[in-house]
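# Observations on the model geometry
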Amino acid sequence: MKEDAVTERFSRESTRHRFTAREVTVTAVSNPVPSFVRVTLAGGPDMHDFASTGPADHAKVFFPHPFTGELVAPVAAGPNEDGLVRPDGQTFGRDFTPMNPRTDPASGLPVFDLDFFRHDDPGPASAWAEKAAVGDRIVVVGPRGSRRAPEGLTRLLCIVDPTALPSAARWILATPSDCDIEVVADVPYADVDWVSEYLRVTSGREISVREALGGLDQALLDSEIGDDTFLFAAGDANRLIPLRRAVRDELGLPREQYQLSGYWRR
């Protein structure tokens, strides 16, 4: 496919948002599946222009100190201003995908969810989520901007580990109902069923999910990658290195046809 045709097929509208810090409060806690904790968050008047319109959006979320409980986080530079003031002292910030952004009918202000994957050895974020209760406070910075999914997408391939499942769910929600979607999950075979259930509950669609056999690069090469396929892959940055090489050296995909994101490093 010619370069200009690829650019047009996979073009993605970009939007810049006001970049600021917002204090938010927990309004509900639930479990979409046993492996995830979902925390619903709402804020005050400074939430009026909070927006998240892209499936790969991420916000920096600041959690209380895991031992002292003190919340040290950036604050807004000023009402309706762009920018923030960074604090002195240690912070505990992690990147998360805002889920289900919507307007609260009572307040008229945006609310959203954060989905936390439950770890055997939890870090500050997942440990906080396990004990989160209505009324707890955290601080959210961003998203700085959004890139929408390509319009009229006909085939989507997601290669993700559990930490990237919320973003995969947002990709699924952002595609037309007749889009052909395949998810390769970087999990053991025994976990494929709950991954399918999470995506079904979160997106409302039945999605074909298979495990990654032989590494993520081999999983990619075993998939059907046509001129109409958009690839989203995210998870452990080290696990993505061979996949990046396969995208570049073996498939030669145009840059507009994929998005790869290293969320964390083992």
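### Let's talk about the pairing of strand β8 (residues 99-103)
Pairing analysis gives 3 bridges linking β8 to strand β9 (residues 110-117), with the strands arranged antiparallel. When the bridges of β9 are listed, T103 appears paired with P110. Count of turn residues in the β8/β9 antiparallel hairpin: 6 residues, of which G108 carries a positive phi of about 75°.

### Digging into the sheet that holds strand β15 (residues 229-236)
Read across the open sheet, the 5 strands follow the order β14-β13-β12-β15-β16; overall the sheet is parallel. Edge strands, defined here as strands with exactly one partner in the open sheet, are β14 (208-211) and β16 (258-264). Ignoring strand direction, the axes of neighbouring strands in this sheet form an average angle of 15°. Bridge count between strand β12 (residues 155-160) and β15: 6 bridges; the pairing is parallel. What sits directly across from L156, in β15, is F230. Relative to the sheet, helix α4 (residues 192-203) contacts β13 (180-185) and β14, its axis offset from that of β14 by approximately 150°.

### So, α4
Along its 12 residues, α4 runs 16 Å from first to last C-alpha, staying within 8% of the 16 Å computed at 1.5 Å per residue. What α4 keeps buried is the set V192, W194, V195, Y198, L199, T202 and S203. The inward-facing, buried residues of α4 contact β3 (36-43), β8, β9, α3 (165-173), β13 and β14. Remark: G204 follows α4 within two positions and exhibits a positive phi of approximately 75°.

### Points about the packing of aromatic side chains
Under the definition given, this model contains 13 aromatic pairs. Arranged with centres 5.4 Å apart and planes meeting at 55°, the rings of F63 and W128 form a pair that is tilted. Of this pair, F63 sits in strand β4 (residues 59-63) while W128 sits in helix α2 (residues 124-131), and the two are 65 residues apart along the sequence. As far as burial versus exposure is concerned, F63 and W128 are alike and both buried. Clustering of aromatic rings is evident, with ring pairs tying together F10, W171, F230 and F232. Lying across the ring of F19, R144 places its NZ or CZ 3.7 Å from the centre.

What counts, and where the lines are drawn
One numbering rule holds for all chains: residues counted from 1, following each sequence as written. In keeping with the predicted nature of the model, local features appear solely for residues at pLDDT of at least 70, side-chain atom pairs appear and are counted solely at 80 or more, and the whole-chain, interface and lining totals rest on all residues. As a rule here, side-chain values cover all heavy atoms of the structure and leave hydrogens and water aside. DSSP-based pairing: two strands are paired if at least 2 bridges between them are found. Secondary structure is summarised from DSSP: a helix means a run of H or I of at least four residues, a strand means a run of E of at least two, and numbering begins at the N terminus for each. For helices, the axis comes from a line fit to the C-alpha atoms of the stretch in contact; other axes are also lines fit to C-alpha atoms, and the angle between any two N-to-C directions lies between 0 and 180 degrees. The contact rule is simple, with two residues in contact once any of their heavy atoms fall within 4.5 Å. For a helix, the expected span equals 1.5 Å multiplied by the number of residues minus one. The buried label applies to any residue whose accessible area, calculated with a 1.4 Å probe on protein chains only, is under 20% of its type's maximum; exposed applies above 50%, and partly exposed to all values in between. Stacked, tilted and edge-to-face are the three classes assigned to paired rings of Phe, Tyr and Trp, where Trp is represented by its six-membered ring and a pair needs centres within 6.5 Å; plane angles under 30 degrees give stacked, over 60 edge-to-face, the rest tilted. Distance and angle both matter: a charge sits over a ring if NZ of Lys or CZ of Arg is within 6 Å of the ring centre and within 35 degrees of the ring normal.

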